[in-house]
Amino acid sequence: MRQTWVTPGGVHPPENKHQSVTQPIGSLPIPEKLVVPLGQHIGAPAIACVKLGDKVLKGQKIADPAGTVSVAIHAPTSGTVSAIEARPIAHSSGIEALCIEITSDGKDQWIALQGIADFEHTTPKTLLSIITDAGIAGMGGAGFPTAVKLNPGFHRPIDTLIVNATECEPYITADDALIRERAEEIIEGIRILSHTLGNPSNILIGIEDNKPEAIQALEPHTQDTGINVVSFPTKYPSGGEKQLIYILTGKELPSGQIPADIGIVCVNIGTTYAIKRAVVEGEPLVSRVTTMTGEACEINRNYDVLIGTPVSHMLEHNKFDAEKCSRVIMGGPMMGFSLMSKDIPIVKTSNCLLAPSVEEIPHNEPAQPCIRCGMCAEACPASLLPQQLLWYSQAKDYDRLQSHNLFDCIECGACSYVCPSNIPLVQHYRSSKSDIKKAEEEKIKSAQARERFEFRQQRIEQADKEREAKRAARREAALQAKKTAAPNSAADIVAAAQARTEAKQLSPEQEQAKLERAVSSAEMRVQKAQSKLDTAVASEEPEDKIKILSAALSGAQQKLEKAKTRLAEQSN
Amino acid sequence: MAFKQVTSPHAHGAKSTANVMKLVVLATIPGLIALTWHFGWGSLINVVLACLTAVISEALVLKIRKRPLAFYLGDYSAVVTAVLLGLALPPLCPWWVVVIGTVFSVVIAKQLFGGLGYNPFNPAMVGYVVLLISFPVQMTTWITPLALLPEGLSHPDFIESLRLVFSSLAPVDGITGATPLDSFKHTSGLTVDQIYQQDSLFSQAMFAGVGWEWVNLGFLAGGIIMLSNRLFTWHGPVAMLATLALMSLIFWDSGSSQSPGSMMMHLFNGASMMGAFFILTDPVSSTVSNRGRLVYGALIGFLVYIIRAWGNYPDAIAFAVLLANFCAPFIDNYTLPRTYGHTDRRKATERSED
Ligand code: SF4
Ligand code: SF4
């Protein structure tokens, strides 16, 4: 047995995992229409490369990755592109985003697939591009593009690969089922990962001891591979990346750093399976295993679900009873978010669809005052003081919130889970975090605005001076003209006017130079935006910030394009 | 169709504030039984009277503050305060002492500060101290323990006790007397051994003081029940008792006439155990982190000893707790736990680096 470390805090909510693992992974009939969001991962949303009415085959690329931190999107089945528009997507704040709708032709016909049998003789670079092109992003929760994670750069040598099979949230058994049935392929996927990372010396599969079948399934395939299956006592949230790193290595990820900074790469076990399919079979990521569970559905089991399958389709096929149901949750009961509508599609990160009955998860009780009992602090895996964070959140004391390390909160919900006063602590933290971020962005924005203002002021002054000079010159010219010859014919007046306008216009050379300047400054702006986005991604900034940055990048790119076309027109 | 929108986490553990409070009340039962056994019906009457007063006055304040009655009364916090105050007051003290103390605790010390969760001071102890300062006579008249009653005398029965309480008459002489801490403090010029021989409060005791040792054992048992139910962590009570023990060992002075008393006497007399497990564990007015609670508990143990040994009051839990309440925010500032991924502990007043 390998040594494991024990994290502070944690809770033991009822597991409720047995309901969904009694049957093997099933499959659902193909829905009539699939809705595939373009942004299922962290980073820039993919860019659609099909048009309305196009016929597509299963696995055909329908959107290209936009930049380095992005992945491709593929058609989950064969059919016709019937809409490209904003639809409600799986997101905690219930937003809409660009999606491609595919009306199935019922044939489920694959494109020609081509895999690599011998990955060991393929360069990591090729493998990484296969992974990006197969649309693989972390399938455990956040959806971080896997290829980016696997390419930490030379200055960050990796000595440990951690495969996260913890699945610590109650109810969810997607990974468990996947391991039980497809352990061999998973191990193959891990070997591919290890190869792309230059064969790190430690390869650990972290798994909680409540999944003995899965552990047993892995064992025969890991013998003599150097891959260690490490099991440890079940406790929520052991599956948090930071917690798992500590449990398996005894190292803490320093605040604000990414695992690669301490030589670790963490990948969800479902992702390793997807990588194997992508590399060896050439199959892009078009389906995933999702747990359908909760008492409001008669059937509880795991399914191989096509990405883009509407939630309503899953619910119907599992005999969903809306009367009984207290809420529909995407993800688990601790960190999942409740869905607004049935039309939301399953995406690459959807590991569970939970439809609990009211008895299972009752409606929220009204919150009572905090009695400062400290149970939350006992439960917090990050050793924060949730009650103080609550206090300062309510007081909007951002300085205190930061000195109490609000941003180290992983939003696991353990504190709210134990709070006897039913206080929705995590909700307070989320809104405080976004308030603080907003305030900081505003600070940056106002600094930029000031800069812009000063620059404009300068320009105006400059222009004023120039105008003044021109006016003086004109006056001079008029005086001269008067002196030489009084304007006595209409032709003279016209000629004089023409001369004046010409004097005002820039010469073609000047025009050219001006446009060139515009292009180069636009280029600078694009570069800046790109580097900002890259650093944000590298330091694993939160999703929404990255979204803002990628939007800024695409804006800058557009401006650059415009400037270039204008320059081209001028030179012709 | 639209579903209900709720934020995570969706699951919730079973404990509720009301249950926590109920358990605290239940945990006082061993102590209450010991008190009633050794000192008669007075404590029980105190507790019931205080509870009624607390509920009524809390309801009135809630009404004035226009808060939903059932919701806030349902948290049982007023009852806990009342029970603790009732236990701390001398048995058979006049009814108005109980009522004034309770009203002070609930209305002034709690509701006027914003209600449950916002009171900087332990409400029961505020009430107690106000009474002690205002009515020193009533507050220092204790009942003689059962074992030491003179021949032919017994504690008044329940009806007689009620009559005494509501007529505000002092109980007959002979059934009132000093507490062991009181008696110890006011005997000067004798060595500890001499006091122990002369004073039947000590000479007939098992190890600390007749009756009182049982009361303290009762509260200790209640405390262990709460600890095993994880109502609070061990840090505060253990730090307080350990400090109290340590102080009395250091200053034991081998029992000379100057000695402030033995370790056992301090641990198992007066309100030591009740203070350790029921008073300083009041989460609202104490410190928040475990390290903070160690400091907080130790501070209380230290203050209790100092006041008992060299101060003017024989027992000192209430003053010590209130003083420590004052210090709690300050202690909190320096005892933040080390967050995952940070190498240093921060101070709460630290500014973000910019
Ligand atoms: S668990 Fe709830 S009531 Fe207790 S201290 Fe934390 S926030 Fe306050
Ligand atoms: S949600 Fe944040 S504060 Fe609450 S237990 Fe988890 S990490 Fe701690």
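Each residue is numbered by its place in its chain's sequence as written, counting from 1. Each chain is given a letter, starting from A, and each ligand a number, starting from 1, according to the order in which they appear as written. For a predicted model such as this one, the threshold for reporting local features is a pLDDT of at least 70, and the threshold for listing and counting side-chain atom pairs is 80 or more; totals across whole chains, interfaces and linings nevertheless cover every residue. Side-chain calculation: all heavy atoms of the structure are included, whereas hydrogens and water are not.

Caption draft 1: Representation of the nonpolar core in the model. Ranked by internal contacts, the top residues of the largest apolar core, which has 96 residues, are B:Met240, B:Phe278 and B:Ile300. Apart from residues lying up to four places away in sequence, B:Phe278 is in contact with B:Val24, B:Ala27, B:Thr28, B:Leu84, B:Phe219, B:Gly222, B:Gly223, B:Met226 and B:Met273. A:Ile179, A:Ile215, A:Ile227 and A:Ala274 belong to the second-largest nonpolar core, a separate cluster that totals 51 residues. We call a set of buried residues a nonpolar core when its members are Ala, Val, Leu, Ile, Met, Phe, Trp, Tyr or Cys and they connect through side-chain atoms within 4.5 Å of each other. Only protein chains enter the area calculation, which uses a 1.4 Å probe; residues under 20% of their type maximum are buried, those over 50% are exposed, and those in between are partly exposed. Residue contacts are counted whenever heavy atoms from the two residues lie within 4.5 Å of one another.

Caption draft 2: Main features of the domain arrangement of chain A. Residue and element names in this part refer to chain A. Split into domains, chain A comes out as domain 1 (18-354) and domain 2 (508-571). Each of domain 1 and domain 2 has a C-alpha centre, and the two are 33 Å apart. With 11 residues of domain 1 at the interface, the matching set in domain 2 holds 10 residues. Buried area counts how much accessible surface, traced with a 1.4 Å probe, disappears from two parts once they are put together, with both parts' losses summed. Buried area between domain 1 and domain 2, summed over both chains or domains, comes out near 900 Å², and the portion from carbon and sulfur atoms is 62%. Note on residue categories: nonpolar means Ala, Val, Leu, Ile, Met, Phe, Trp, Tyr, Cys or Pro, charged means Asp, Glu, Lys or Arg, and polar means any other residue, Gly included. Of the residues that constitute the side of domain 1 that touches domain 2, the class distribution is six nonpolar, three polar and two charged. Residue ranges labeled as domains rest on an automatic or database domain assignment.

Caption draft 3: Local environment of the interface of chain A and chain B. The interface of chain A with chain B comprises 67 residues on the first partner and 50 residues on the second. A combined buried area of about 4900 Å² lies between chain A and chain B, and 54% of that area is made up of carbon and sulfur atoms. It is A:Glu252, A:Ile371 and A:Arg372 that lose the most area in chain A upon contact with chain B, and together they represent 13% of the buried surface on that side. A carboxyl oxygen of Asp or Glu within 4 Å of a side-chain nitrogen of Lys or Arg is what we treat as a salt bridge. On inspection of chain A and its partner chain B, the count reaches one salt bridge. Here A:Glu252 and B:Arg338 are joined by a salt bridge, their closest N and O atoms 2.9 Å apart. Of the residues assigned to the side of chain A that touches chain B, the class counts are 31 nonpolar, 24 polar and 12 charged.

Caption draft 4: Examining the pairing of strand β10 (residues 202-208) of chain A more closely. Residues and elements named next belong to chain A. Taking burial as the measure, the seven residues of β10 include six buried ones, the bulk of the element. Of the pairings in the sheet, the one linking strand β9 (residues 160-164) to β10 comprises five bridges and is parallel in character. If you follow threonine 160 over to β10, its bridge partner there is asparagine 202. One crossover worth recording links β9 to the parallel β10 by way of helix α3 (residues 174-196), and it is right-handed. Sheet topology note: the β10/strand β11 (residues 227-232) ladder contains six bridges and is parallel. Residue pairing in the sheet places isoleucine 207 in a bridge with serine 231 of β11. Looking down the strands as they point away from the viewer, one classifies a crossover as right-handed if the path from the first strand across the helix to the second runs clockwise. The helix count covers DSSP runs of H or I at least four residues long, the strand count covers runs of E at least two residues long, and both are numbered beginning at the N terminus. Between β10 and its parallel partner β11, the chain crosses via helix α4 (residues 212-222), and the hand of that crossover is right-handed. Pairing between strands requires that DSSP locate at least two bridges from one strand to the other.

Caption draft 5: Just the site of ligand 1, in detail. Any residue with at least one heavy atom within 4 Å of a molecule or strand is counted as near it. Inspection of the region around ligand 1 gives A:Cys370, A:Ile371, A:Arg372, A:Cys373, A:Gly374, A:Cys376, A:Gln387, A:Cys419, A:Pro420, A:Ser421 and A:Leu425 as its neighbouring residues. Looking at side-chain class alone, the shell around ligand 1 contains seven nonpolar, three polar and one charged residues.

Caption draft 6: Representation of the sheet that holds β11(A) within the structure. All names here are of chain A. Taking strand neighbours across the sheet as the criterion, the four strands line up as β11-β10-β9-β12 in an open arrangement whose pairing is parallel. The open sheet has two edge strands with one neighbour each: β11 and β12 (264-268). Adjacent strand axes in the sheet meet at a mean angle of 25°, parallel and antiparallel pairs treated alike. Of the pairings in the sheet, the one linking β9 to β12 comprises five bridges and is parallel in character. Within β12, the position partnered with leucine 161 by the bridge is valine 265. Every axis corresponds to a line fitted to the C-alpha atoms, with the helix fit spanning only the stretch in contact, and the corresponding angles, defined between N-to-C directions, vary from 0 to 180 degrees. Along the sheet, helix α5 (residues 241-249) makes contact with β9, β10, β11 and β12, crossing β9 at roughly 120°. Along the sheet, helix α6 (residues 269-281) contacts β9, β10 and β12; its crossing angle with β12, the most-contacted strand, is approximately 80°.

Caption draft 7: Spotlight on the pattern of salt bridges. All names here are of chain A. Within this structure, the stated rule accounts for 24 salt bridges over all chains. A salt bridge links glutamate 185 to lysine 276; the nearest nitrogen and oxygen atoms lie 3.1 Å apart. Taken together, the positions of glutamate 185 in helix α3 and lysine 276 in helix α6 put the pair 91 residues apart, joining distant regions of the chain. By relative accessible area, which is 19% here, glutamate 185 ends up buried. For lysine 276, a relative accessible area of 8% puts it in the buried group. The shortest N-O distance in the salt bridge between aspartate 464 and arginine 467 comes to 3.6 Å. Here aspartate 464 pairs with arginine 467, and both are found in helix α12 (residues 425-484), just three residues apart, close to one helical turn.

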